Amino acid sequence: MAAPQAWFLARRTGRGFDWIVTLAQAVAACALVLALVLTGLAVVGYSPVAIVTRWACGAAGGVYPLTSSMVEACPLLLTGLAAGLTFRAGVLNIGAQGQFLVGAVTAVGLTTRWLPAAAPLVAIPLAIAAGALAGGLWALLASVLERYRAVPVVLSTILLNFVALYLIRALLHGPLQAAGTAAPQSPLIPARDWLGVLIPLSSFHWGVPAAFLVAVGFWWFNTHTTWGFETFAGGLNPAAANLAGIPVRARQFLIMFLGGGCAGLAGVFQVLGVTHFMTASFGDYGYAGIAVALLGRLNPLGIALAAIFFGLLDVGSQRVQESTLALPQGVADVVKALVILFMLLLGAYLARRHLQVTSLPEAAPPASAGAAGPPGSGN
Amino acid sequence: MSLGHESLAEFLCWQTLSAATPLMLAGIGELVGELTGVIDIGIEGLMLIGCIVAYTAAAATGQAWMGLGAAAAAGMASAALFAGVVLWGRADQIVAGAALNLLALGLSATLWSLYQNHCANLGLSTHLPRGAGYDLVAVPGLSHLPFIGPVLFDQYTLFYATLLLAVGIWWVLRFTRLGLMIRALGESPETCVACGIPVRLGRFLAALFAGGCAGAAGAFLSIMRTKAFAFDMTGGQGFMVLALVIFGRWAIGPLVLGCLFFGALNSLQQILQTTRYTLADPWMHALRSVPFEFFQMLPYVAALAALALLSRRHPGPRALGQPWPQEVA
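A few points on the structure.

Thresholds, definitions, all that
- Residues numbered from 1 in each chain as written.
- Chains lettered and ligands numbered in written order.
- Predicted model: local features only at pLDDT ≥ 70, side-chain atom pairs only at ≥ 80, totals over all residues.
- Heavy atoms only, no water.
- Helix = DSSP H or I, 4+ residues; strand = E, 2+ residues; numbered from the N terminus.
- Rg over C-alpha atoms; globule rule 2.2 N^0.38 Å.
- Buried < 20%, exposed > 50% of the residue type's maximum accessible area, 1.4 Å probe, protein only.
- Contact = heavy atoms within 4.5 Å.
- Areas by Shrake-Rupley, 256 points an atom, 1.4 Å probe, with all protein chains shown as cover.
- Lys, Arg positive; Asp, Glu negative; His and termini not counted.
- Charge placed at Lys NZ, Arg CZ, Asp CG, Glu CD.
- Salt bridge = Lys/Arg side-chain N within 4 Å of Asp/Glu carboxyl O.
- Patch = residues over 30% accessible without salt bridge, like charges linked within 9 Å, V, L, I, M, F, W, Y side chains within 5 Å.
- Axes fitted to C-alpha atoms, helices over the stretch in contact; angles between N-to-C directions.
- Left-handed = near helix turned anticlockwise from the far one by under 90°.
- Expected span 1.5 Å × (residues − 1).
- Buried area = accessible area lost by both parts, 1.4 Å probe.
- Polar contact = N/O pair within 3.5 Å; in protein donor to acceptor, adjacent residues only side chain to side chain.
- Nonpolar A, V, L, I, M, F, W, Y, C, P; charged D, E, K, R; others polar.
- Bend = angle between axes of the 7 residues up to and from the residue.
- Phe/Tyr/Trp six-rings, centres within 6.5 Å; stacked < 30°, edge-to-face > 60°.

### With respect to the overall build of chain B
- Secondary structure summary: chain B contains 13 helices and 2 strands in total.
- Relative to its length of 329 residues, chain B is compact, with a C-alpha radius of gyration of 21 Å against a globular reference of 20 Å.
- Seen through its C-alpha atoms, chain B measures out along the principal axes to roughly 70 × 50 × 45 Å.
- Across the 329 residues that make up chain B, the buried fraction comes to 58%.
- By sequence separation, contacts in chain B at least 24 residues apart represent 76% of the contacts at least 6 residues apart.
- In the structure as shown, chain B presents an accessible area of about 13,400 Å², 69% of it carried by carbon and sulfur atoms.
- For chain B, the distance from the average site of its 15 positive side-chain charges to the average site of its 15 negative ones is 7 Å.

### Let's talk about the overall build of chain A
- Secondary structure summary: chain A contains 13 helices and 0 strands in total.
- Relative to its 379 residues, chain A shows a buried fraction of 53%.
- Of the roughly 15,300 Å² of accessible surface on chain A, a fraction of 70% belongs to carbon and sulfur atoms.

### Some points on the environment of Gly149 of chain B
Residue and element names in this part refer to chain B.
- Inspection of the secondary structure puts Gly149 in helix H5 (residues 148-152).
- When the C-alpha atoms of Gly149 and Glu10 are compared, they prove to be 9.9 Å apart, with 139 residues separating the residues in sequence.
- When neighbours within four sequence positions are excluded, Gly149 is seen to be in contact with Leu142, Ser143 and Asp154.

### Thoughts on the pattern of salt bridges
Residues and elements named next belong to chain A.
- Following the criterion strictly, the structure yields 6 salt bridges over all chains and no others.
- In this structure, Glu230 and Arg251 form a salt bridge, with 2.6 Å as the shortest nitrogen-oxygen distance. With Glu230 in helix H8 (residues 226-236) and Arg251 in helix H10 (residues 248-275), the pair connects residues that are 21 residues apart, well separated along the chain.
- For Arg251, a relative accessible area of 13% gives the class buried.

### Focus: a nonpolar patch on the surface
Residues and elements named next belong to chain A.
- Residues Trp19, Ile20, Leu23, Val27 and Leu305 make up a contiguous nonpolar surface patch of roughly 510 Å² in combined accessible area.
- The biggest single contributor to the nonpolar patch is helix H1 (residues 18-44), with 4 residues.
- Here Val27 is to be found in helix H1.

### Brief notes about the packing of helix H3 (residues 64-88) of chain B against helix H9 (residues 199-225) of chain B
- The geometry of H3 of chain B relative to H9 of chain B is characterised by a closest axis approach of 7 Å and an angle of 145° between their N-to-C directions. By crossing handedness, the relation of H3 of chain B to H9 of chain B is classed as right-handed.

### Some points on helix H4 (residues 96-114) of chain A
- In this model H4 of chain A runs 25 Å from its N-terminal to its C-terminal C-alpha over 19 residues, within 8% of the 27 Å that 1.5 Å per residue would give.
- Within H4 of chain A, 17 of the 19 residues are buried, which leaves it mostly tucked inside the rest of the structure.

### Brief notes about the interface of chain A and chain B
- With 52 residues of chain A at the interface, the matching set in chain B holds 55 residues.
- Between chain A and chain B, roughly 4,500 Å² of surface is buried when both sides are summed, and carbon and sulfur atoms account for 75% of that area.
- Here chain A and chain B share 0 salt bridges between them.
- Scanning the region where chain A abuts chain B turns up 4 residue pairs in polar contact (both at pLDDT 80 or more).
- Elements supplying a minimum of two residues to the side of chain A that touches chain B: helix H5 (120-149), helix H6 (153-173), helix H11 (285-295) and helix H13 (331-359) of chain A.
- For the side of chain A that touches chain B, the residue count by class is 39 nonpolar, 6 polar and 7 charged.

### Quick look at the environment of Tyr287 of chain A
- If you trace the backbone, Tyr287 of chain A turns up in helix H11.
- Assessed through its relative accessible area of 23%, Tyr287 of chain A is described here as partly exposed.
- When the C-alpha atoms of Tyr287 of chain A and Leu76 of chain A are compared, they prove to be 9.3 Å apart, with 211 residues separating the residues in sequence.
- Not counting chain neighbours up to four residues away, the residues in contact with Tyr287 of chain A comprise Ile94, Gln97 and Asn161 of chain A together with Leu102 of chain B.

### Section: helix H1 (residues 8-35) of chain B
All names here are of chain B.
- The end-to-end C-alpha separation of H1 is 39 Å, in line with the 40 Å expected for 28 residues at 1.5 Å each.
- Of all the bends found along H1, the most pronounced is centred on Thr21 and spans about 30°, while Pro22, a proline, follows it within four residues.
- Extensive coverage of H1 is indicated by the burial of 24 of its 28 residues.
- Phi turns positive, to about 105°, at Gly37, one or two residues after H1.

### Examining the side chain of Thr234 of chain B
Residues and elements named next belong to chain B.
- Inspection of the secondary structure assignment puts Thr234 in the loop between H9 and helix H10 (237-247).
- A distance of 2.9 Å separates the side chain of Thr234 from the side chain of Glu44, its partner in a polar contact.
- In this structure Thr234 touches Glu44, Met47, Leu48, Cys51 and Leu221, once residues within four positions along its chain are discounted.

### With respect to the packing of aromatic side chains
- By the definition in use, this model includes 20 aromatic pairs over all chains.
- Geometrically, the ring pair formed by Phe162 of chain A and Tyr300 of chain B is stacked, given 4.7 Å between the ring centres and 5° between the ring planes. Placement of Phe162 of chain A in helix H6 and of Tyr300 of chain B in helix H13 (residues 292-310) is noted, with the two residues assigned to different chains. Grouping residues by exposure puts Phe162 of chain A and Tyr300 of chain B together as buried.

By themselves, these figures tell us nothing about what the structure is for.
Shown next, in the form of structure tokens:
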């Protein structure tokens, strides 16, 4: 199976304000993709100007559109973390979708069936913890299969997505089904267990700022803790990290659990904060998370920005779809996919340039402390 | 029960072969691609693009072969995009494949709504016109054999083509210089360079072949088997193909056997889902209490179990998933 490529290695180190360059690159990639897609739509006969204005109004034109976009960004941010944290550690977790669903169904089960009488102060934290735990354990399943049975994580996480999908359908058809319906659908979660809304009359629940706090927490974890450094080192070069005494496998297990926990948390927040009940088709945030992670260059703060952008994109394109312009369904997905491809190309290109610069001795300043270190080791 | 099959067993066997056809076709393509060192987890997306393109092209022209050809061409075009990004852009193959899946999901939804709008504007039905879908082809003479006839010789054209392709590719890989080149590209690209074989061009052509096969497999789903299109109609079959290539340890015989096994599981699942309420067998009665979602889950769990039990660290082609050239000057 493919060894993890160091495409995330493409960060220029040792210079201040790198992040501005990185941000500019990401913005340029997004602008390029949007221009491309709008051109395509213009060819099919849509007016790009009308689409852009309607999109901007729908996504950011006022308090209510803005809060909707942020609410949409919340699950994208958490599934983006699920992908980004694990990719950074060299584990290709494509299974955020399954972890998301498992987390959501756990929260639904707890609040509607298993703990219906508990006070909200008990039920909500318990649902959040249990949902995140379920997502984390679902992700760990893939790690365990790799560790003991040599099943590639890429494949097992994808297959586990489908297992999770049919599992929640079975649950929604069986023990969690709402009374009086034939459809696979859970009952409405009691209103006292909903996440509180911070801005009146909007859907802006407190899970949204909490998700951003989680992102800041993982930024801290990555940059200021030993474990964060060790996971990154294990992702860059597992053999070297092992030689340096880092328990690479244990760190991969840890990061897989944390990543799955993030995806599970996304499911919990989505169901307790937005939908308040669950159907068999509960959103594809898990797959979009990969795009978010790559656009954010696997940096939790970048992932937060990328999630906001995709939140604006999703909500805006939905409004254009509903409007008289009748934008075809799926355009937002095309944009996301093209963004991934552009960011991949950009990352690979920068990695190559970076290697070129560091491998030429005369290009490095003499007696520089960075010259002896492996590329990308600075943080 | 359809198509005048005489017994449940006969229908089950027919259905198995029919369900295995797209898996085999896409699997053969993916196998050749992986042998040259390109792993394309976007095979699911390529199949989905094949589905929608085949459906719209066949419906628009009224010609079934146009649908099939367009699907294969669209599969190849998408694979060319993937291969370009991966081979010349040196992007990570797994993540680029995931992007391809998302792209296909979005593109197929976009195309489908454009097509629906178009039909609504002209007051047309979105159903596939008669003659635009493939019908079963009974092999003259052989299709009247007892049991074997209706099972093996009353299938869609692409079933026979896939069998021929499997034998052909097996022969190419086993006995020809081209087969040696294909395997060398994945095992030892350095040797290929020494022999004057262009590594990236070879891999590009193999990826195109994989894309064409996956597109045609998608066409099988939309204009042969179901004669309809739905958003998630591939339903993870492309991912199953990836598992099957590993499961078959990059050899064509085990791959085909694996496809047949999963075809059988899939058709068993469908039959259990549809007939468990009508059949009076006592063991069917017991199955009624099992939620049918568990039958739908069965192929995926079986794929995981098969990988867990059988993939004893067979590494696969040595350069699988690696960019070329390895060091960048």
